[in-house]
Amino acid sequence: MPVAPRVSPSELFSPQAWAPFQTRSGWKGPLLVVHCCSVIAAALALGVGLPLLSPICIMVIGTRQLGLAILMHEAAHGVLAENLKLNDVLGHWFCAVPIGASLTAYRPYHLAHHRFAQQPEDPDLILSAPFPVSGASLRRKMIRDLTGQTFFKQRVLLPVAALRQRSGRIGEAHDHDAVVTGRSVLAFLVWNLALLALLSLMGVWWAFFALWLLPMATWFPLVTRLRNIAEHACVEGSAGDAFRAARTTRARWWERAFIAPYWVNFHAEHHLFMHVPCWNLPRLHRAIRQTEPGRRMEVAGGYVEVLKQAASRPV
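Residues numbered from 1 in each chain as written. Predicted model: local features only at pLDDT ≥ 70, side-chain atom pairs only at ≥ 80, totals over all residues. Heavy atoms only, no water.

1. Here we look at the overall build of the chain
Reasoning step 1: On a plain count of helices and strands, the chain comes out with 15 helices and four strands.
Reasoning step 2: Against the 2.2 N^0.38 benchmark of 20 Å for 315 residues, the chain shows a C-alpha radius of gyration of 19 Å, consistent with a compact globule.
Reasoning step 3: Along the first, second and third principal axes, the C-alpha set of the chain runs to 60 × 50 × 45 Å.
Reasoning step 4: The contacts in the chain between residues at least 6 apart in sequence include a share of 73% that link residues at least 24 apart. (Helix = DSSP H or I, 4+ residues; strand = E, 2+ residues; numbered from the N terminus. Rg over C-alpha atoms; globule rule 2.2 N^0.38 Å. Contact = heavy atoms within 4.5 Å.)

2. Things to note about a positive patch on the surface
Reasoning step 1: On the surface, Arg139, Arg140, Arg144 and Lys153 cluster together into a positively charged patch.
Reasoning step 2: Tallying contributions element by element places helix α7 (residues 135–146) first for the positive patch, with three residues.
Reasoning step 3: Looking at where Arg140 falls in the secondary structure, it is placed in helix α7. (Patch = residues over 30% accessible without salt bridge, like charges linked within 9 Å, V, L, I, M, F, W, Y side chains within 5 Å. Areas by Shrake-Rupley, 256 points an atom, 1.4 Å probe, with all protein chains shown as cover. Salt bridge = Lys/Arg side-chain N within 4 Å of Asp/Glu carboxyl O. Lys, Arg positive; Asp, Glu negative; His and termini not counted. Charge placed at Lys NZ, Arg CZ, Asp CG, Glu CD.)

3. Regarding helix α2 (residues 28–49)
Reasoning step 1: With 22 residues, α2 extends 31 Å from end C-alpha to end C-alpha; this agrees with the ideal 32 Å at 1.5 Å per step.
Reasoning step 2: Taken residue by residue, α2 has Gly29, Pro30, Leu32, Val33, Cys36, Ile40, Ala43, Leu44 and Gly47 as its buried positions. (Expected span 1.5 Å × (residues − 1). Buried < 20%, exposed > 50% of the residue type's maximum accessible area, 1.4 Å probe, protein only.)

4. Describing the side chain of Thr218
Reasoning step 1: Within the secondary structure, Thr218 is located in the loop between α10 (206–217) and α11 (219–232).
Reasoning step 2: Look at Thr218 and you get buried, because its relative accessible area is 12%.
Reasoning step 3: Setting aside chain neighbours within four positions, we find Thr218 in contact with Ile58, Asp145, Leu146 and Gly148.

5. A few points about the packing of α7 against α11
Reasoning step 1: With their axes 7 Å apart at the nearest point, α7 and α11 run at an angle of 145° to one another. Along the contact surface, α7 presents Leu138, Lys141, Met142, Asp145 and Leu146, while α11 presents Trp219, Pro221, Leu222, Arg225, Leu226 and Ile229.
Reasoning step 2: Partitioned by chemical class, the residues of the contact of α7 with α11 number eight nonpolar, no polar and three charged. (Axes fitted to C-alpha atoms, helices over the stretch in contact; angles between N-to-C directions. Nonpolar A, V, L, I, M, F, W, Y, C, P; charged D, E, K, R; others polar.)

This is how it looks when you write it as structure tokens:
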């Protein structure tokens, strides 16, 4: 089977220039997990105290639920924490389980995506292959996300069908950041029941449904779809050029707050050197772009630009 093209750091950097990107941090990854959970807690508290701000809180929480998936992704690469045991504990129990995923199931699936990126064997090819689509088609997909239809299909219909078939894997490769498996469902239910119990003891049981489950059913699927589109869709030459295997999207502050947290927009750099932690990706982006091969990378000016390209097929 053909594997994705590879690039060695030595083709771009001297050992001295590459050394900073190889360093691991014992505190940055865990601090990001604390940050993500803190933002969710703060937005939840704000929504309880000021219900009129609930729409914004739902968007913030849904984006940070994606943030948990992104940090699980970091753990899958072994870079969330310097200690590998801590890396897996944080990645699974504090990032994957709350959103119904499994680090154990996600890791081999995602590494297969890196090995076969944009090749026929890429398990994520289904996410980018259909694009570009028509504007009407993209709008329908986004409406399904925002109205909970995508959530209901992925979190209810597919698990029920998989349980009937006694299958270990639930769902198709529609979301490469939240692989739901039979092993993860029970932990997900226990974690969420514990959260419901905690909020009930605080006298705000309704916040579980309005400010945790609702974001997971609406904004989280939408921003996950936007992320998937931006990463690989409509990148010409992605199957044969390592520098064009993915797209980097320049994210403004509001895009980082509501669509793309934790430097997930630097995806071209991540595919070139997948063991560089996410907090080093902006600096890596600048370093790569200064090289001649780095100028071949696909770089979009923002998520609106990406969506216009993804919806450019004539009706």
